[in-house]
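The primary structure of each chain is shown beneath.
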Amino acid sequence: MKLKLDIDPDIVAMMAAEVAAGERAVTAAMREAGSGLKSAWRLQITGAGLGTRLANSIRSQNFPRSGESLDAAALVWSQAPVIVGAHDTGPLIRSKNGFWLAIPLPAAGKSLRGGRITPGEWERRRGLRVRFVYRRTGPSLLVAEGRLNTKGQAVVSRSKTGRGKVTAPIFLLVPQVKLPKRLDLARDADRVLDGVPGLIVANWVEART
């Protein structure tokens, strides 16, 4: 017995068209999902009061970068993963050397390099020495003898009479700090992921109509 299989050219064309429609649908769906997740994370960061600069660290990239594929994917990430991750997990932060974390108070001012100033940098800039003050019922302190300028920051006192001289608390010393969890990035990621099948179907139907 000899069998011969002839494939109708119309069926081949229909199959090719269906595959092409699937490629367009999956690629469009992943682009929508990636863009949606990036926007959701940025909105969550600004809504938590963490600023637009950190929000704009959220980026996305579609794969393939050009063309269409049934294996299309989207990657969403942060260019500041340590900072974003800390606000997402609310970690417990301890001193590297096992002693104290020095938290600058208003009299300390800000670092020239951005972020929080350290006791060493503060002493070099102000020309004052800090001293340790132990407190039994609360966090210990690093204080300095000087005066407060118009910004409320401790500076060297030039008064010969000692007028205006104060003992200013410069740093608060604590053994550890628990950052509050201010973000829930997984919530948005799960929501977007759950919506991907619906996006594929919607784009597939649209492509065929």
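Before reading on, note that the structure itself is shown above.
Parameters at a glance
- Residues numbered from 1 in each chain as written.
- Predicted model: local features only at pLDDT ≥ 70, side-chain atom pairs only at ≥ 80, totals over all residues.
- Heavy atoms only, no water.
- Helix = DSSP H or I, 4+ residues; strand = E, 2+ residues; numbered from the N terminus.
- Rg over C-alpha atoms; globule rule 2.2 N^0.38 Å.
- Buried < 20%, exposed > 50% of the residue type's maximum accessible area, 1.4 Å probe, protein only.
- Contact = heavy atoms within 4.5 Å.
- Areas by Shrake-Rupley, 256 points an atom, 1.4 Å probe, with all protein chains shown as cover.
- Lys, Arg positive; Asp, Glu negative; His and termini not counted.
- Charge placed at Lys NZ, Arg CZ, Asp CG, Glu CD.
- Pairing = 2+ DSSP bridges.
- 1 Å grid on protein atoms, 1.4 Å probe; cavity = no way out; pocket = protein on both sides within 12 Å on 5 of 7 lines; lining within 4 Å.
- Points joined across faces, edges and corners; volume = space filled by probe spheres on them.
- Nonpolar A, V, L, I, M, F, W, Y, C, P; charged D, E, K, R; others polar.
- Patch = residues over 30% accessible without salt bridge, like charges linked within 9 Å, V, L, I, M, F, W, Y side chains within 5 Å.
- Salt bridge = Lys/Arg side-chain N within 4 Å of Asp/Glu carboxyl O.
- Phe/Tyr/Trp six-rings, centres within 6.5 Å; stacked < 30°, edge-to-face > 60°.

1. Concerning the overall build of the protein chain
Next up, step 1: Helix and strand counts for the protein chain come out as five helices and nine strands.
Next up, step 2: Shown N-terminal to C-terminal, the secondary structure of the protein chain runs as helices and strands in the order α-α-β-β-α-β-β-α-β-β-β-β-β-α.
Next up, step 3: Its C-alpha radius of gyration of 30 Å places the protein chain more than 25% over the 17 Å reference for a compact globule of 209 residues.
Next up, step 4: Across its three principal directions, the C-alpha atoms of the protein chain cover 115 × 30 × 25 Å.
Next up, step 5: A total of 209 residues make up the protein chain; the buried ones form 31% of that total.
Next up, step 6: Within the protein chain, contacts between residues separated by at least 24 positions form 62% of all contacts whose residues are at least 6 apart in sequence.
Next up, step 7: If you sum the accessible surface of the protein chain, you get close to 14200 Å²; carbon and sulfur atoms cover 57% of it.
Next up, step 8: Across the protein chain, the 33 positively charged side chains and the 17 negatively charged ones have centroids separated by 27 Å.

2. Overview of the pairing of strand β6 (residues 140–148)
Next up, step 1: Bridge count between strand β5 (residues 131–133) and β6: three bridges; the pairing is antiparallel. Note that in β6 the partner of Val-133 across the bridge is Leu-141.
Next up, step 2: Hairpin remark: β5 followed by β6, antiparallel, with six residues in the connecting loop.
Next up, step 3: Sheet topology note: the β6/strand β8 (residues 166–174) ladder contains seven bridges and is antiparallel. Counterpart to Leu-141 in the pairing with β8 is Leu-172.
Next up, step 4: Pairing of β6 with strand β7 (residues 154–155), which is carried by two bridges, proceeds in the antiparallel orientation. The partner of Leu-148 across the bridge, within β7, is Ala-154.
Next up, step 5: Counted along the chain from β6 to the antiparallel partner β7, the turn is five residues long, and its residue Gly-152 has a positive phi close to 80°.

3. Re the layout of surface pockets
Next up, step 1: Size it by volume and the largest pocket reaches roughly 640 Å³.
Next up, step 2: Broken down by secondary-structure element, the contributors of at least two residues to the lining of the largest pocket are α3 (81–89) and β4 (101–104).
Next up, step 3: Ranked by the residues each element gives to the lining of the largest pocket, the list is headed by β4, at four residues.
Next up, step 4: Counted by class, the lining of the largest pocket contains twelve nonpolar, four polar and two charged residues.

4. Topic: α3
Next up, step 1: Three or more residues of α3 are buried, namely Val-84, Ala-86, His-87 and Asp-88.
Next up, step 2: Phi turns positive, to about 65°, at Gly-90, one or two residues after α3.

5. A closer look at a nonpolar patch on the surface
Next up, step 1: A cluster of nonpolar side chains, contributed by Phe-99, Trp-100, Phe-132 and Tyr-134, occupies part of the molecular surface with about 500 Å² of accessible area.
Next up, step 2: Here Tyr-134 is to be found in the loop between β5 and β6.

6. Thoughts on the packing of aromatic side chains
Next up, step 1: Counted under the stated rule, the structure contains one aromatic pair.
Next up, step 2: Ring plane angle 40° and centroid distance 6.3 Å describe the contact between Trp-100 and Phe-132, whose orientation is recorded as tilted. Separated by 32 residues along the polypeptide, Trp-100 in the loop between β3 (92–94) and β4 and Phe-132 in strand β5 bring together distant segments of the chain.
Next up, step 3: Classification of Trp-100 by relative accessible area gives partly exposed; the value is 39%.
Next up, step 4: We classify Phe-132 as partly exposed; its relative accessible area is 44%.

7. What about the pattern of salt bridges?
Next up, step 1: Considering all chains together, one arrives at six salt bridges under this definition.
Next up, step 2: A salt bridge links Arg-125 to Glu-121; the shortest N-O distance between them is 3.9 Å. Of the two residues, Arg-125 and Glu-121 are both situated in helix α4 (residues 119–126); the distance of four residues between them amounts to about one turn of the helix.
Next up, step 3: Overall, the relative accessible area of 34% leaves Arg-125 in the partly exposed class.
Next up, step 4: In this structure Glu-121 comes out as buried when scored by relative accessible area, which is 6%.
Next up, step 5: Overlapping salt bridges, with partners in common, bring together Arg-187, Asp-188 and Arg-191 in one network.

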